[in-house]
Amino acid sequence: MTRQHIVFLTGAGISAESGLSTFRGKDGLWTKEEFQYFASADCLYYEPEKCLDFYNMRRKKLSEVEPNVAHRLIAELEKEQEVTVITQNVDDLHERAGSTKVIHLHGEMTKVCSSNNRYDPKYIREYPLTTPIKVGDDAGDGSQLRPFIVMFGEYVFGMEVAEEIVKYADIFVVVGTSLMVYPANNLILHAHKEVPKFVIDPGEMPKCDALGYTHFKTTATEGMKQLLEAFKEL
């Protein structure tokens, strides 16, 4: 295969094999109603300790896991292809696997920011996963320090950039996402109708099937292996 720009859209399913919970799958985080509240901007405002404790739990869990084969196979592609990863995940497993172009639509668990100025770069910084964020921690502008995460009830920035990247992809691949989260689920509509498009997910993906995506109905790791075989035919 000649050098191509391959764009991946990844979701919780790719990190599940590393030991991180999915969100909307069986036993996913959002099947527990109180967790949806803990992960909301309302909880941060009205009951910040509950919100921060929830994210501290998730941050600690992230510190205990490693990238899996699927993450590493995507990163390996950079040796021969141009690769951009657009992820709904807030973990850093793509980066730890070696991917160098990663766009996080929903924020990054490894970073913190200001509660009053969420996207001001002056207040966004790396923060150790094993160091709890506590009520009263100052973000640097007098507001509560918080995870650099898009919580329920908050706006997702950066979609326009992601849409443009997908629009000009030579190959587009969806891995491990149920495509139930708006607005990221609309990215599948922006891939050019003439380019090869693939989806890797063990579940039914009727939206992708209707758009002509080749569906590898399996796990992220096994699907990535099948994808690499399919690339040999392009």
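Residues numbered from 1 in each chain as written. Predicted model: local features only at pLDDT ≥ 70, side-chain atom pairs only at ≥ 80, totals over all residues. Heavy atoms only, no water.

(A) The packing of aromatic side chains, seen in detail. Scanning the model with the defined rule gives 10 aromatic pairs in all. A ring pair is formed by Y37 and F38, whose centres lie 6.2 Å apart and whose planes are at 50°; its orientation type is tilted. Looking at K197, its charged tip hangs above the ring of Y213, at a distance of 5.9 Å from the centre. (Phe/Tyr/Trp six-rings, centres within 6.5 Å; stacked < 30°, edge-to-face > 60°. Lys NZ or Arg CZ within 6 Å of the ring centre and 35° of its normal.)

(B) Local environment of the pattern of salt bridges. For the structure on display, the rule yields 12 salt bridges. With a closest N to O distance of 3.5 Å, E82 and K101 form a salt bridge. Taken together, the residues span a long stretch of sequence, with E82 in strand β2 (residues 82-87) and K101 in the loop between α6 (93-97) and β3 (102-104) at a distance of 19 residues. Close ionic contact of E154 with R118 constitutes a salt bridge, the shortest N to O distance being 3.7 Å. Here the residue E154 occupies a position in the loop between β6 (145-149) and α7 (159-167), and R118 occupies one in the loop between β4 (107-114) and β5 (125-126), the gap between them amounting to 36 residues. (Salt bridge = Lys/Arg side-chain N within 4 Å of Asp/Glu carboxyl O. Helix = DSSP H or I, 4+ residues; strand = E, 2+ residues; numbered from the N terminus.)

(C) Molecular detail of unusual backbone geometry. Note that the residue after Y182, namely P183, is joined by a cis bond; omega there is 5°. By secondary structure assignment, the location of P183 is in the loop between β7 (171-175) and β8 (197-200). Positive phi is not limited to glycine here, since L179 has a value of about 60°. Positionally, L179 belongs in the loop between β7 and β8.

(D) A look at helix α9 (residues 220-231). End to end, α9 covers 16 Å across 12 residues, agreeing with the expected 16 Å (1.5 Å per residue, within 8%). Looking at the buried residues of α9, the elements they touch are β1 (5-10), α1 (12-16), α5 (69-76), β7, β8 and β9 (214-216). (Expected span 1.5 Å × (residues − 1). Contact = heavy atoms within 4.5 Å.)

(E) Just the nonpolar core, in detail. Ranked by internal contacts, the top residues of the largest apolar core, which has 23 residues, are C51, F54, Y55, L62, M109, I133 and L145. Contributing elements (two or more residues each) for this core: α2 (33-38), α3 (41-46), α4 (48-63), β4 and β6. If one sorts the elements of this core by residue count, α4 sits on top with 5 residues. Apart from residues lying up to four places away in sequence, C51 is in contact with F38, S40, C43, L44 and M151. Counting 22 residues, the second largest nonpolar core, distinct from the first, contains A162, A169, F172 and A191. (Core = buried A, V, L, I, M, F, W, Y, C linked by side-chain atoms within 4.5 Å. Buried < 20%, exposed > 50% of the residue type's maximum accessible area, 1.4 Å probe, protein only.)

(F) View of the sheet that holds β1. In spatial order, the strands read β3-β2-β1-β7-β8-β9; together these 6 strands make up an open sheet with parallel pairing. The strands lining the two open edges of the sheet, one partner per strand, are β3 and β9. On average, each strand axis in the sheet is inclined to that of its neighbour by 15°, with strand direction left out of account. Pairing geometry for β2 and β3, over 3 bridges, is parallel. If you follow V85 over to β3, its bridge partner there is V102. Where α7 meets the sheet, its contacts fall on β1, β2, β3 and β7, and the angle it forms with β2 comes to roughly 140°. (Pairing = 2+ DSSP bridges. Axes fitted to C-alpha atoms, helices over the stretch in contact; angles between N-to-C directions.)

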